[in-house]
Amino acid sequence: MTVFARRARASAGRMHPELSLVSYTLLGHLEERGGCRATDLAAHYALDKSTVSRQVAALERAGLIERRLDPEDHRVQVLHLTGAGEEILAQVTRSRRAAFRERLATWPAEDLIRFAAYLERYNAGPAGSDSD
């Protein structure tokens, strides 16, 4: 699992110098949710607010996310991907998928089926394990 995480971090970093694994994960969450507050990111990933704040600031400086007023509550700022953020996220995702395809290309079908089943089992773990 450690090697897997290291490869993911390295892959994200090669695509954009500001894009750590945490940044990539946050961008993915923003894309999936269509935007959210920084406090929601911190709560979802069980991260300290200051950690999320630093990541958000770096992503803003890189032009990958922007803050918008919540249309229902103008006191709240919602984070959204910029066009550049969407493109970087798409590039990293394509690169990671290509790397997975390359690494798994020689695996027999039975091994791929077992591997997929194990991943499904791991991802369906006990409630509260979303931040794993």
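Keep in mind that what you see is a predicted model, and the values were worked out from it rather than measured.

Criteria and thresholds
- Residues numbered from 1 in each chain as written.
- Predicted model: local features only at pLDDT ≥ 70, side-chain atom pairs only at ≥ 80, totals over all residues.
- Heavy atoms only, no water.
- Pairing = 2+ DSSP bridges.
- Helix = DSSP H or I, 4+ residues; strand = E, 2+ residues; numbered from the N terminus.
- Core = buried A, V, L, I, M, F, W, Y, C linked by side-chain atoms within 4.5 Å.
- Buried < 20%, exposed > 50% of the residue type's maximum accessible area, 1.4 Å probe, protein only.

A. Representation of the pairing of strand E1 (residues 65-70) in the model. Taken together, the six bridges between E1 and strand E2 (residues 73-81) define a ladder with antiparallel strand orientation. The residue of E2 that forms the bridge with Asp70 is Asp73. Hairpin remark: E1 followed by E2, antiparallel, with two residues in the connecting loop.

B. Inspection of the nonpolar core at higher detail. One finds Leu19, Leu27, Leu30, Leu41 and Ile65 to be the most contacted residues of the largest nonpolar core, which totals 19 residues. Of all the secondary-structure elements, those providing two or more residues to this core are helix H2 (21-33), helix H3 (38-45), helix H4 (49-61), E2 and helix H5 (83-104). If one sorts the elements of this core by residue count, H2 sits on top with four residues.

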